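Topology and contacts: notes
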Protein chains: 2
Amino acid sequence: MTWGVDNLPYGVFSCPGERPRVGVRYGDKVLDLAPALHDEVFAAPTLNPFMARGRAAWHDTRTLIQNKLTGDVSVTEAHLVPLDQVRLHLPFEVADYVDFYCSLEHASNIGQIFRPGTEPLQPNWRHLPVGYHGRSGTVVVSGTPVRRPQGQLGKGTFGPCQKLDMEAELGFVVGVPTAMGSPAGAFEDHVFGVTLVNDWSARDIQSWEYVPLGPFLAKSFATSISPWVTPLEALPRIPGRLQDPEPAGYLRRQADWGLDIALEVLLNGEVVSRPPYSAMYWTPDQMLAHMTVNGARLRTGDLFASGTISGAERGEQGSFIELTWNGTDPLKLAGGETRAFLQDGDTVTIRATAAGLTMGEVSGTVG
Amino acid sequence: MTWGVDNLPYGVFSCPGERPRVGVRYGDKVLDLAPALHDEVFAAPTLNPFMARGRAAWHDTRTLIQNKLTGDVSVTEAHLVPLDQVRLHLPFEVADYVDFYCSLEHASNIGQIFRPGTEPLQPNWRHLPVGYHGRSGTVVVSGTPVRRPQGQLGKGTFGPCQKLDMEAELGFVVGVPTAMGSPAGAFEDHVFGVTLVNDWSARDIQSWEYVPLGPFLAKSFATSISPWVTPLEALPRIPGRLQDPEPAGYLRRQADWGLDIALEVLLNGEVVSRPPYSAMYWTPDQMLAHMTVNGARLRTGDLFASGTISGAERGEQGSFIELTWNGTDPLKLAGGETRAFLQDGDTVTIRATAAGLTMGEVSGTVG
């Protein structure tokens, strides 16, 4: 099954009247880890204390859970809670949130749309994974309603955003911190797992505000993540995409951290895009190496996202601004409706699957 | 005295072998607030729980402390710890860190240096306080050594930063949060106090990386703040600088939040600049209104900084890139040395005073 013992993502859940605690998803149930493993670290309302334990503990815990679930079921049965009886919470406390810009196709599309008539890729783009800090305080769990932001939409224009968009991304969650001044070590020694990310974006606010210091209010009103964090061990790794020119020494790949993950973007239940993560130019190990090469320290709970995932083919773009070419070529939906950007009441859902397992979904309704 | 009952900034201190807790500076001593006020909120290792109580509590606590310090000294004497017996810590847990760009003169200078031959101010600059998110995990307290970052300094160039700089700023600390989707109310209902900020900057890393998503590694390696947070009530308010054009409705000033604070930048003990905060174009109430107009929520511990404070006169610029015009006109120091950017071993100290009181200093040595 897709939520079987090869998957086992971690999340934070609560039953009515009880405090949130850590669980692992198995089938249509949640394994209540604190009692099942006799370990109080899972009684915490976030994954952070467990994530801070590090790679050896992550591996041993995963093995232990797999053994319990494949062993005498009568023992674990008591700690399996049906999913429909629980509420899912933000799975970890977000420390710093960084968003990258790792898709060559996305960066090229945005460059053409925002800066027509110029070279779409900036001179630095092929030399480093471009990134910036986002607002960690507005990272919310799937299902949280998303209020349409208001703001300056251009010179002398104030009002509700008219170009509300989404961005389909993967997010990488840091477990093991670094000391200030010390670049991170191996990717798998720091990164605990992967979430789905919808980096909601207000394109009209963005185009007016972003020069010269980057996106700010266009992105800070909401960022949704999936309730389940898939451990690195569960994910199908593939070689990263060929890079030209060869990156600087600190960015050279030491292992395969390309990920064979297929995403789907649904608008009100209808698939409107199928972004392939395998097409990404910069891999997550390179993001981590870049983010810390200057000595910036990592903390448990840091979240860094890939940036919008867009493939080269039509229907593979991870944002509406690309799918509709800034609204000039609206999507034709099954019911006969069209859509340039998001309307109030629209629900956007991002799903992802990888060889034999699902990462679940992140969903949000605009209101 | 400058650290008298009209000042009374808050900080977090510890004595050898004891846990950090909240104190107020008075003269050359620290008032140990938990026992002095019989209030366990001050036994916390950060100001956050106290800051979350809100404006009425801040005012009442300040009045109570003033009464204790001006009343029967024999009662409070036992709770006054000599400053030379304590260690000062980061005074609050930083939630999100936002840096603005509120000095007209600084933005004009940087525009001329980074984009010569073009209009120095971007079209949006006079319409909104430009800002971006920084890295909250590398905000450190005064005295923390600052490691020179390494990184890409341009196409094909990797190594230690050659243009290490500082930025003299004020930082505003949020006490009272907002709910997602609700813009902030009055400035004084949310903002607890003010710190000094040195936003260390790697100019060569910045100029290569910052297009199109803004500064990232150039700023994320360290941001130093002063150990004392001066409460709003202590600060001398003045009208904000005249603005042309008149800003959008949500940015109109409801009260005077210009601040008559005079800063000094010292390099190895020698004053090299005197930035006047009174010259700032955008006031902090406008920063708060802008930051939340899109519904981004505030959390207790959010820090937002003014951006570099630069006046119009020679010797009033709050960064070396301006003082030396990107290194082309090095500073001549008293001992006969010159300095374009910061060298290893250099100590930068920012001090500030305001009518009759001091805000103390933020200091850091490059190593």
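Nothing here was measured: the structure is a model prediction, and the numbers come from that model. (Residues numbered from 1 in each chain as written. Chains lettered and ligands numbered in written order. Predicted model: local features only at pLDDT ≥ 70, side-chain atom pairs only at ≥ 80, totals over all residues. Heavy atoms only, no water.)

A separate point is the interface of chain B and chain A. The figure often quoted for interface size is the accessible area lost as the parts come together. Listed as interface residues are 55 residues of chain B and, on the opposing side, 55 residues of chain A. Between chain B and chain A the total buried area reaches about 5,300 Å² when both faces are included, carbon and sulfur atoms providing 59% of it. Contact with chain A buries area across many residues of chain B, yet R135(B), L213(B) and F216(B) alone supply 16% of it, more than any other trio. Connecting chain B to chain A are two salt bridges. (Contact = heavy atoms within 4.5 Å. Buried area = accessible area lost by both parts, 1.4 Å probe. Salt bridge = Lys/Arg side-chain N within 4 Å of Asp/Glu carboxyl O.)

So, on to the side chain of R115(A). With respect to the element layout, R115(A) can be found in the loop between helix 5 (104–114) and strand 7 (131–134). Excluding residues that lie within four positions of it along the chain, R115(A) makes contacts with I110(A), P120(A), Q122(A), Y210(A) and P212(B). (Helix = DSSP H or I, 4+ residues; strand = E, 2+ residues; numbered from the N terminus.)

With that settled, the discussion passes to the relation of the copies chain B and chain A. The transform that puts chain B on chain A rotates by 180° and translates by 0.0 Å along the axis, for an RMSD of 0.0 Å. This pairing of chains is accounted for by a two-fold axis. Identified as the residue of chain B closest to the rotation axis by C-alpha distance is G214(B), at 2.1 Å. Here 100% of the interface residues in chain B have copies in chain A that are interface residues too; the copies meet face to matching face. (Least-squares fit on C-alpha atoms with pLDDT ≥ 70 in both.)

Residues and elements named next belong to chain B. Here helix 3 (residues 55–70) is 16 residues long and its end C-alpha atoms lie 23 Å apart, about the 22 Å a rise of 1.5 Å per residue gives. Within helix 3, burial applies to W58, T61, R62, I65 and L69. For helix 3, the buried positions fall inside an angular range of 100° around the axis, keeping them on one side. For helix 3, the exposed residues lying more than 90 degrees away from the buried face are A56, D60 and T70. (Expected span 1.5 Å × (residues − 1). Buried < 20%, exposed > 50% of the residue type's maximum accessible area, 1.4 Å probe, protein only. Arc of directions from axis to C-beta.)

Here the UniProt feature "domain: Fumarylacetoacetase N-terminal" (unreviewed entry) sits at residues 7–91 of chain A. Between the C-alpha atoms that bound residues 7–91 of chain A there is a distance of 16 Å. The span itself is 34% helix and 25% strand. (UniProt positions renumbered as here; feature names shortened; annotations may be inferred.)

Attention now goes to the UniProt feature "domain: Fumarylacetoacetase-like C-terminal" (unreviewed entry) in chain A. Mapped onto the present numbering, the UniProt feature "domain: Fumarylacetoacetase-like C-terminal" (unreviewed entry) falls on residues 98–356 of chain A. Structurally, residues 98–356 of chain A is divided into 14% helix and 28% strand, and its ends, taken at the C-alpha atoms, are 29 Å apart.

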